[in-house]
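Analysis of the macromolecular model
In case you want the letters, here they are:
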Amino acid sequence: MKKLFLLLTTMTVASAAEDPLAQAFKGQLTSSVQVFLDHHRETRRYQNADFPLGKQAHARFKKDFVSNLTQSLNLSKWVVRNPPGKNSPVAARFRDQVLERREIHGVSVEMHAVTIEPTGLVVPMVVCLPKGQGRVAGVACFSGHTRSGLHDLVMNLDSYQQGVAVRLAKAGFASIAVEKIDTGYLSRHGSNGNDEKEIATLLLGHKDVLRSHQLRACIAAVEILAAHPRVDESRIGVTGVSLGGWLSVQTAMLNDRVAAVADFGRKTRTVSTEMTAKQYRGPGDLCHIMPGMMAIAGRNIHPLVLAPMPMLASHGIKDKGSHAEHAANFRELCEKQYTALGVPENYTYFIHLGGDTMSSAECIAWFKKTFKQ
């Protein structure tokens, strides 16, 4: 057996050395990964060097970016502009049912089942309410990657999402927590699981992407929160960690009710300037696929669209990727843009002591200051 193995190994090496195709192409070809990475870097519509922009140029950039995002995700019927008080302009696109009310962690909660068009997907959401009867500011909380998204936002105070929806209610805010639609209570496992790969690839076969459906749920959640009798609809914020941070930024682009964003998403780029073809692995999570958007800009450009909206951006010092990339590609870029628009005070950057985690105390303190609550 050993002799046979050596013989086969020798034959393989000899065949490779004598491959006339390899000899002909040697030195003439560049890997396809390298070619497409180079093309991406050369053809992006917006790059770091384009910023900061003046007020008129920024307004054109914002309109262009949001138009492309809306088209990419087929969300034109879900965009909320100049909402009329508590009435929702997209109310016909979802159906909200309150299933049960009870107390969890000393907070009054409502369990909602929200049916979303066009698929009929029923998304579980939980509204958490502070003590008292008056109207308060509201915060929508979007899940990051986990096998138990909604549970981590409401039940598990020790999760990397720190039960932030409940903690906000304890601090005097109304909140709504939204399940990650391929995870947790919507997974095939019933309460703890992740079906992202299966759903994302199935949707791609229908020229559809997961982010479209998740953002529909996020937009509906903001509308449900704004319509609640305990909520001051003029003071609505959004927050989340990891994917939840990106969902917060993009929901704010599409829904004018959002008045403030606390983004704890990772401060990394899909393709860094220094990344080589050998290092590139594509998006680690298929839910981040948004057709055409990489041709518009890298994801670090996304938060610039929200200026001059009040924004808290944050990452953990133990998150090495974010810590290496945040300064030049997020913090400094946004600080310059907010300054150019005359409101540097509207942008806050905070480095917390954790990793890719929610810093609930800082999140709550910032919303209290922003909404004067």
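Just so we're clear, the structure is a prediction, and the values are computed from it rather than from any experiment.

A look at the sheet that holds strand 6 (residues 231-241)
- Taken in spatial order, the 9 strands make up an open sheet running 1-2-3-5-4-6-7-8-9, and their pairing is mixed. Looking at the sheet topology across the chains shown, the edges are occupied by strand 1 (94-104) and strand 9 (347-352). When strand polarity is set aside, the average angle formed by the axes of neighbouring strands in this sheet is 20°.
- Relative to strand 9, strand 8 (residues 311-316) runs parallel, the two being bridged by 6 bridges. Opposite Gly 316, over in strand 9, you have His 352 as the bridge partner.
- Packed on one face of the sheet, helix 8 (residues 210-227) meets strand 1, strand 2 (107-116), strand 3 (121-129), strand 4 (136-142), strand 5 (174-178), strand 6 and strand 7 (258-264) and runs near 160° to strand 5.

Some remarks on the nonpolar core
- If you look at the biggest cluster of nonpolar residues, it comprises 71 residues, and the most contacted ones within it are Phe 61, Met 125 and Met 253.
- The dominant element in this core, judged by the number of residues it contributes, is helix 8, at 11 residues.
- Of all hydrophobic cores here, the second largest spans 29 residues; its members include Val 109, Leu 153, Leu 168 and Val 241.

Quick look at the side chain of Asn 255
- Summarising the element assignment, Asn 255 is placed in the loop between helix 9 (243-254) and strand 7.
- The exposure class assigned to Asn 255 is buried, which follows from its relative accessible area of 0%.
- Polar side-chain contacts of Asn 255 include one of 3.1 Å to the side chain of Glu 223.
- Sequence-distant contacts of Asn 255, defined by excluding residues within four places in its chain, comprise Val 80, Arg 81, Ile 219, Val 222 and Glu 223.

Description of the pairing of strand 8
- In terms of burial, strand 8 is a largely internal element, 6 of the 6 residues being buried.
- Of the two faces of strand 8, both are covered, the one formed by Met 311, Ala 313 and His 315 as well as the one formed by Leu 312, Ser 314 and Gly 316.
- Of the pairings in the sheet, the one linking strand 7 to strand 8 comprises 3 bridges and is parallel in character. By the bridge assignment, Ala 262 is partnered in strand 8 with Leu 312.

Thresholds applied
Residue positions are given per chain, counted from 1 along the sequence in the order it is written. Restriction of local features to residues with pLDDT of at least 70 applies here, the model being predicted, together with a cutoff of 80 or more for giving and counting side-chain atom pairs; totals for whole chains, interfaces and linings are based on all residues. Each side-chain value is derived from all of the structure's non-hydrogen atoms; neither hydrogens nor water enter the calculation. Here, a strand pair is defined by DSSP locating no fewer than two bridges between the strands. Each helix corresponds to a stretch of at least 4 residues labelled H or I by DSSP, and each strand to a stretch of at least 2 residues labelled E; elements are numbered beginning at the N terminus. Each axis is a line fitted through C-alpha atoms, taken for helices only over the stretch in contact, and angles between the N-to-C directions span 0 to 180 degrees. Contact criterion: two residues are considered in contact whenever any of their non-hydrogen atoms come within 4.5 Å of each other. For this analysis, a nonpolar core means a set of buried residues of the types Ala, Val, Leu, Ile, Met, Phe, Trp, Tyr and Cys, connected via side-chain atoms within 4.5 Å. A simple rule labels every residue: compare its accessible area, found with a 1.4 Å probe on the protein chains alone, to the largest value its type can have, and call it buried under 20%, exposed over 50%, or partly exposed in between. A 3.5 Å cut-off defines polar contacts: any pair of N or O atoms within that distance qualifies, except that in protein one atom must be a possible hydrogen donor and the other a possible acceptor, and neighbouring residues in sequence count only when both atoms are side-chain atoms.

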